[in-house]
Structures are given as structure tokens and as C-alpha cells.
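Here are the chains, one letter per residue:
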Amino acid sequence: MPVQLLKIIKGESETPLPSHLQKEDLKHLQEGFDYTNKYFQGTVVLCYPLTKLRDGTDFFKVVLQDLNNSCSRINSINILIYGKMAEDCAKVIRHGDTFVVAGFKLAKSPTAREDGRHGCHLEVSEEAGSAIYVRVNQIANRVLHAAPSVAPKYVYTPLNHLKDGTVVNLYGIVKFFKPPYVSKGTDYCSVVTLVDPSNAKLTCTLFRGNLDSLPKIYKIGDIVRFHRIKIREYNGQMQGITSGGFASLTFDGTVGAPIVPRTSSKLYTFLGEEQKTIEELRAWAASNLSISGPAAFFFFFLNHFGFFSLQVWDGTKCPYPTWKVPVEASDLEGEKALLHQLRNLTVDILVYDNHVPLAKSLKIGSFLRIYSIRTKQASADNADASHVEFHLHGGTCYGRGIGVLPESNPDVKELKEFLESVDLADSQNAESVSSVELDGTFSNVTDLQSHLQRCQQLSVTVLTDHQDLNNTGLRTILNSTAPQQYRIRAKLRTFKPQKLHQSIKLYCSKCNSLKEVPDGDDFDLILQDSATTAPNPELHNTSWYGSVMWTTQDQKQRKIAIHFVKHDEMLQEPEHTLLMIEGGTLKEIWKLSRRFKCVIPVRSTKDDLELLDFSAPFLLQGNVKYYGCKHCSTPKTIKSLSSLAAEQRPSWEPTEIAQVLGIVPLQYVFIMKFTLVDGTGALNAYLFDYEKFFQIPASEILTNNFLQQKMQMTMNTLCPPGRKLDDLPWLECFIKSYNITDGTKHQVYYQIFDTTIAEDVV
DNA sequence: TTAGGCTTGG
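Within every chain, residues take consecutive numbers counted from 1 along the sequence as written. Lettering for chains starts from A, numbering for ligands starts from 1, and both go in the order in which the items are written. For this predicted model, a pLDDT threshold of at least 70 governs which residues receive local features, and a threshold of 80 or more governs which side-chain atom pairs are given and counted, while totals over whole chains, interfaces and linings are taken from all residues. Processing note: side-chain calculations cover all non-hydrogen atoms of the structure and skip hydrogens and water entirely.

Selection rule: UniProt positions are given in the numbering used here, feature names are shortened, and annotations may be inferred rather than shown by experiment.
By the naming in an unreviewed UniProt entry, chain A goes by Protection of telomeres protein 1 and is assigned to Struthio camelus australis. UniProt's Sequence similarities (unreviewed entry) comment on chain A is quoted here verbatim: "Belongs to the telombin family."

See below:
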């Protein structure tokens, strides 16, 4: 009989497994080996509905977890069961059962990347000579209940249909939560506010004697499924409260993330159609909710001393000196060598009141999220004690509290990878330079500032806003819908264009078009062409400009006219003067633009001066040529300039000049494509920058060798040629995702924003 | 029972 139930008595099967079978551990399962006489044992954590393949074969998929490997990153594996065995298994199997698969075939799992399970799956069928043993406590019960659908059918109530005094099942997206804390009664308490696509809101007060029985919510946006929650009216609003038999599942709310329920319960139902519900809620939340919450800090928990203080690290160095709780070496509970190594990187957090019992129960080495920590700067006039303190004050307002994350959590994996990537030798060397901070104090403000600068070197970029955002892994971002904004920490693997001058474009903010910067030869040709039209003497010397004209002595006998714009009927100092020129060469115009405030190349028509072609600059100022958008501009007569000239102190700002002339100016921008990588994935992000990122004006770089060198050095620092990925520096950036739809093709793009190169990088 | 989101504090 291929599927057998083995009754368990005192923890052992009544009937032993056949003696020829040898146990195989999850971590030893490898492709290319013969598993005819091997068996794998695990706990059933997920059952999919029994289905039929195209050829009519019954097919049943279950997920087994290897409880002996619960600490390792991958501890579950897909089991694909075919034919009669599929049907038999579907009848008897229940979540939490111990399941033994013998004589299976091993094949590469095509879904491993998505579901995060083992890279291989087990294939099981009668034809392959497989056998399945299910270890159960009560065979009689099992046979009695064996039915095509083992799972009871649950009905879920939308949040806008809740009625006082009922007990319901529901789904919701977490809008707010307080991580579990010890209540003043006998239980742990957690408060959770949910929303759903009905747009109704429900705040639930959940009590459980066992911390594990409360929902495992790690962040706002997580999705929960509550079974048997009691609904009551309180202060005119519906309120959820735990009732007997309350049970919950929690899911990551990120679109595309693996759908793995978080629960302490070994017995739960989760079917295919419920997966669909999660996917729908994720999609709804992505486009209808703006997920934001109080700042949460994410730490590796290293030590606690006294009964009130935690010592933690998140892989970075706090940019300010932090207050250290005075502690005797004998009071340290953590791993001493590690604590010593990290002594200048860890921070101490003082924990108060209701958070103390939970803090005391924490295991060293766990990963914590601490919500609503208060940072306190010691008073500035006491420079000797300049430092930052971290307090987790009493109470649970705004979700203040401590959450413990399991190792399987993707954010934990990301943090772990980051911690592993930190070069401790480097950090400690950097520390030894500044002995002042070893005792946690700074003697003056300058020390503090220079310290701050050094710490910023940890990332070669600096964020100019939204510092309260938490980092998101690139994989999570790639799996999410746009538009959203993220803070990331990544390395620059490569960038385009490699020839930096090619990164400069002209951009019209009105029609969003990009244009190549015309080269000097184009301008020269336009000037030569316009010089064939002689200046019209009738247009010289008006009320608002004075004109001079002369003929070159060379063979060409070229006529040049210069019109100096007057102010209060007077000519100004050259450096304040705007002039218009007809018949000049590139070189002459260039020289004039160095000496005079502004130069506008023009040509004569019958009754007015006019601007040249749009491929020529409408204005030259200093080193910069200003161009107009051909598409968006509606040039006005040159006379319009007289209104600016009449102003008391004409500033001759290019934007003002453009405006009166009916020109929509093009702006110089850097456009680059950065390929960013972190431990979780790779992502192409566009840099669209006028000046902020490089702290170099895009308008000036083409004519300034010094700035070109500076930019080259900056890029060499961000992405040093010939270096391995490990040796590249970290970049902290904000990026935003956005959708581009081109016909039927839809794509998500990413752009860097509110990020700048650290001051001391170049 | 507990808390019933909405802080300022050692």
C-alpha cells in the first residue's frame, strides 16, 4: 500500500519503517543521486488542492518543513505527488502531520526562486516505486474524517459588514500595529488596525497568554487573516477582540513576494483560492494605500545588561557619538570577543516600563525591530558630553515597542548579508584615528563635525531628505508595483555612458523632451549663414540700445554690428551689459561673452532684429550657452527685451530673458544609467540631475576642464575601475519607481532622487 | 482582566 498511516504511541510509530530505508537530511538532498532506498521526513506546512494534469493524472502538491533544520535559511521543500498516491494523500493528509516520503526522485524545482524553498523538489508516484507514511496520533479519527476536501470552508467578512456581537473570519491589511507587549493583566497584548478594499477600518485588541499566538506582524502593510475574531461595538465603532479559538496568519504585503503564512499554529488551512485573496489584497494595497509608519530601527541584538538596557548593531556606525551605559565586564552577557570587536559600532538602548519584561526575554543573536525609539541629543552647551542617547520609553503609543524577527524573514536575510559584508577591520581602523570617541565624549563642536564627516564616508553618497525611511532590498523593490519611493543601500556595479561628456543632455521641462547638446561646429555654420545678411542700419540706435557697426579688413569684408542695451538711457559697465551681435564669428562671440554680462546673437530683418535658428544658443552668459526648445517656444520680437532693460536693476537672468523673448529654455542635465546591486538583486536606476547629485552644474561641465576632472574622479570613487564587487563603496540613495506604458508594453523604471555625493568624496 | 492606537520622558 503506497500511502500508509502509522500510529504514534509515546512519540514512536507503532509500526517501524522498513529497515532498508535510510533517512536523508534536507541539506543533503542533491540532484544526480539515487534515492530509491532513502526517505525524507518533514512536517506538512502547506497543502495545495488536489488537481488533475492535462493527461488526467491526479496531482497533489504539499510543502514539507524539516524541523531539524528550522534555523537554516531554506528549511522547506515541495513534494509533487502523482496518480493514485495523490488522491490517497489528499484524503488523509492534514497540516502538521509528519510525512515520510520514501523512494522519491529528485528534480530541479522551477519555483525555487519565487517560493524560497529548496532548489529541488521531490517527485513521488507509485510507478516510481515511492511510498508515503503519515505518522498520526489517531488513525480512527483520521479515517472517519477522510474526505476529498479535508479543509473546512471559511467565509470571510469584509470590514464594512461587521456586526456587533458576532464572531467572524476576516482579512485585512495592517495599517497600524503595536508589537506584542506584556499587559497589566495576565496576557500579552497587541493592537492591530486593519483596512481592506471596502475602505473600512477595524482596530483589534488581541490578547494571548502565549507570545507566539499573537499575529507575527513585522511591518505596516503586512496582510493578516484572522479566524474567529469577536466583533464588539466600542465608542461608536466596531472593535475586534480575541475570542476562544482565535487564530491568525500573517503574510508579507509586498506584491510578488513569496506567499508564506507566518503562524505558530501547526494546524491551519491555506488553499489556492486563499493565495489569490492575498495577491488581490497586495495589489489593492499597492495602488490604494500609502504605506508609512513610525520610524522603525532594525538591529542585531548582541547583549543586554542590567535589566533595562540592550546593546545592538545594524551594520552601520552611528554618525554621532552615542552614549554608552556604564557597565562592568562581568555583566556582559553577549559573546565577549564580538562585543569587543564591535564596541565602537554598537549602540545602547535604554528600555523602560512595560518593555522591560519583553526585553529581558530576548535571546542574544536575535534580530529585532524596535519601533518609535526616542533619540535624545545631550545639551549643546555641555560640549564635554555631546552624544546621542536612545530611549525606548514606556507606553505603547504610536506602536512603540520591540518586535523579534525570525531568521527566515527576508529583511533579516538582507541585514545578515549586510552585516557579513561590513569590513570590521576597516571600521576599527577608522575608529582608532579618533580616540576622542572611545570614551564616548567629544571635546568640542569641531570634533563632532569632523567625526560626522568621517562617518559619512561609510557611504559615498548622502541623503538630503526623508532620513526616516528604512532601507529596502533591491529584490523587494523589483517585486513591488510602481510608483513608490525607497531608500536603498547598494553598490554601483557599472554605469552608462562611460564617456562622461555623453551624459550631458538638454531637457525641456515643458514637453519633457531630451536633446543632444549641439556642438560648436553647428553654431559656427549658423553664424556663417546669418553673416551673409548684412545688418540693417535702420534698426540701429533705438531708445533702448546703442549700436556700432564696422567692416572687417579681410577679403570677406564682413559687416559686424553690436547693439548695447542701455539702462536709463545710459550704457552700463561691460560686466552688467547685455549686447546683441550681428555678423560675429564663434570666436568673437566667445570673447565678448567673457567680457560682457550677456550676448545674444541676432540678425536683421526688414523691420526688426530677430533670434537665429533654435540650433544656436539664444543667449551666451559666461561659459554657458543657453538653448530654447524648438517645440515649445513662440519667439516674440526683440523689442520685448526693452521691458527688462527698463527695470531698475536688470538682473539679466537667463530665465527672465527667455521668458520675455517667448523662449522655453532647455536645461542642461546629467542623464546616466546606474546598475546598482545589493545582496538581494540588481536594478538599473536613472540619474537625472541638474546639479544636486554631483554638485557640479550640468550647464558648466562641458566648458570647464576642472569640473570634468572632478566628475571623473567622483565616478572613479563610486565605481573604481578594475575592482571586485566586494571592494566597491556603498551608496545610500533614494530611488523612486514609475510606470512607462508604450503602446501595449508596460515597464517600471527607477530614478535616483534626493541624493548627493558626500562632500569629502572628491 | 488586560486595552480600547494618537508620546515629550527617567
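Having put the structure on the table, let's press on.
1. Some words on the overall build of chain A
Note the cut-off: Helix and strand labels come from DSSP, where a helix needs a run of H or I of at least four residues and a strand needs a run of E of at least two; each type is numbered from the N terminus. The classification of residues rests on relative accessible area computed with a 1.4 Å probe and restricted to protein chains. Under 20% of the type maximum is buried, over 50% is exposed, and intermediate values are partly exposed. Contacts are residue-level and defined by heavy atoms, with any inter-residue pair within 4.5 Å sufficient. The accessible surface values rely on the Shrake-Rupley method and a 1.4 Å probe; as for residues, cover is taken only from the protein chains in view.
Helix and strand content of chain A: 16 helices and 40 strands. Sorting the 762 residues of chain A into buried and exposed places 48% on the buried side. A separation threshold of at least 6 residues defines the contact pool for chain A, and within that pool the share at least 24 residues apart is 64%. For chain A, the accessible surface area stands at approximately 38100 Å², while carbon and sulfur atoms represent 51% of it.

2. Digging into the packing of aromatic side chains
Between two aromatic rings, the relevant description is the distance of the centres plus the angle of the planes. The line we're drawing: Two aromatic rings, drawn from Phe, Tyr or Trp (for Trp, its six-membered ring), form a pair once their centres lie within 6.5 Å of each other, and the interplanar angle then sorts them: stacked below 30 degrees, edge-to-face above 60, tilted otherwise. For a ring to carry a charge above it, either NZ of a lysine or CZ of an arginine must fall within 6 Å of the ring centroid while also lying within 35 degrees of the normal to the ring plane.
Enumeration over the complete set of coordinates arrives at 16 aromatic pairs. Here Phe 59 and Tyr 82 contribute two aromatic rings whose centre-to-centre distance is 5.3 Å and whose plane-to-plane angle is 50°, an arrangement assigned as tilted. Placement of Phe 59 in strand β6 (residues 58–65) and of Tyr 82 in strand β7 (residues 76–82) is noted, with a sequence separation of 23 residues between them. Looking at Phe 59, the relative accessible area reads 17%, which means it is buried. Summarising the aromatic geometry, the rings of Trp 544 and Tyr 545 are spaced 4.8 Å apart at their centres and angled 80° between planes, so their arrangement reads as edge-to-face. Under the relative-accessibility criterion, Trp 544 is labelled buried at 11%. Each residue in the set Phe 670, Phe 674, Phe 693 and Phe 694 is aromatic and connected to the rest through ring pairs, giving one cluster. Against the face of Phe 753 rests Lys 736, its NZ or CZ located 4.8 Å from the ring centre.

3. Some remarks on the protein's contact with DNA strand B
In plain terms, the rule: Only heavy atoms are used to decide nearness, and a residue is near a molecule or strand if one of them lies within 4 Å of it. The definition of a polar contact used here is a pair of N or O atoms within 3.5 Å, where within protein one atom must be able to donate a hydrogen and the other to accept one, and adjacent residues in sequence count solely through side-chain atom pairs. Charged residues are taken to be Asp, Glu, Lys and Arg, nonpolar residues to be Ala, Val, Leu, Ile, Met, Phe, Trp, Tyr, Cys and Pro, and polar residues to be all remaining types, Gly included.
In the region of DNA strand B, 27 residues are neighbours, and Lys 178, Arg 232, Gln 239, Arg 374 and Arg 400 sit closest. Considering the 4 Å shell around the protein, atoms of DNA strand B inside it are sugar or phosphate in 31% of instances. Interatomic distance of 2.5 Å between a side-chain N/O atom of Lys 178 and a phosphate oxygen of DNA strand B. Taking Ser 183, its side chain carries an N or O atom lying 3.0 Å from a base oxygen of DNA strand B. Among the elements of the structure, β12 (167–177), β14 (188–195), β15 (201–208), β16 (223–234) and β17 (237–251) are those that each provide at least two residues to the surface near DNA strand B. The class makeup of the residues in the surface near DNA strand B is 10 nonpolar, 9 polar and 8 charged.

4. Notes on the side chain of Lys 216
Within the secondary structure, Lys 216 is located in the loop between β15 and β16. Only 2.9 Å separates the side chain of Lys 216 from the side chain of Asp 212, close enough to count as a polar contact. Apart from residues lying up to four places away in sequence, Lys 216 is in contact with Asp 222, Thr 250, Arg 262, Thr 263 and Ser 264.

5. Some remarks on the confidence of the model for chain A
Put simply, the test is: Residue-level confidence of the predictor is what pLDDT reports, using numbers from 0 through 100.
For chain A, per-residue confidence averages 83 on the pLDDT scale, and residues scoring 70 or more make up 87% of the total. Contacts of residues 143–151 to residues separated by more than four positions or lying in other chains number 13 contacts, the stretch itself having pLDDT below 50.

6. Focus: the nonpolar core
For the record, the criterion: Residues enter a nonpolar core if they are buried and are Ala, Val, Leu, Ile, Met, Phe, Trp, Tyr or Cys, with the set joined through side-chain atoms within 4.5 Å. Segment limits for the domains were obtained from an automatic or database-derived domain assignment.
Grouped together as the largest cluster of nonpolar side chains are 69 residues, with contacts concentrated most on Met 580, Ile 600, Leu 641, Ile 657, Phe 674, Phe 694 and Ile 735. Two domains share this core, each providing at least three of its residues, namely domain 4 (461–502 + 668–757) and domain 5 (515–663). Sequence-distant contacts of Ile 600, that is, excluding residues within four places in its chain, are made with Leu 578, Leu 579, Met 580, Ile 581, Leu 611, Phe 618, Leu 619, Leu 641, Ile 657 and Leu 661.

7. Brief notes about unusual backbone geometry
Most of the time, phi is negative for any residue but glycine, and the peptide bond is trans. Residue Pro 483 is bonded to the preceding Ala 482 through a cis peptide linkage, with omega at 0°. Its location among the elements puts Pro 483 in the loop between α10 (474–478) and β26 (484–496). A cis amide bond links Lys 496 with the next residue in sequence, Pro 497, at an omega value of -5°. Take Pro 497: it is sitting in the loop between β26 and β27 (504–507). Residues other than glycine seldom take positive phi values, yet Asn 235 does so here, at roughly 50°. Position of Asn 235 relative to the elements: it lies in the loop between β16 and β17.

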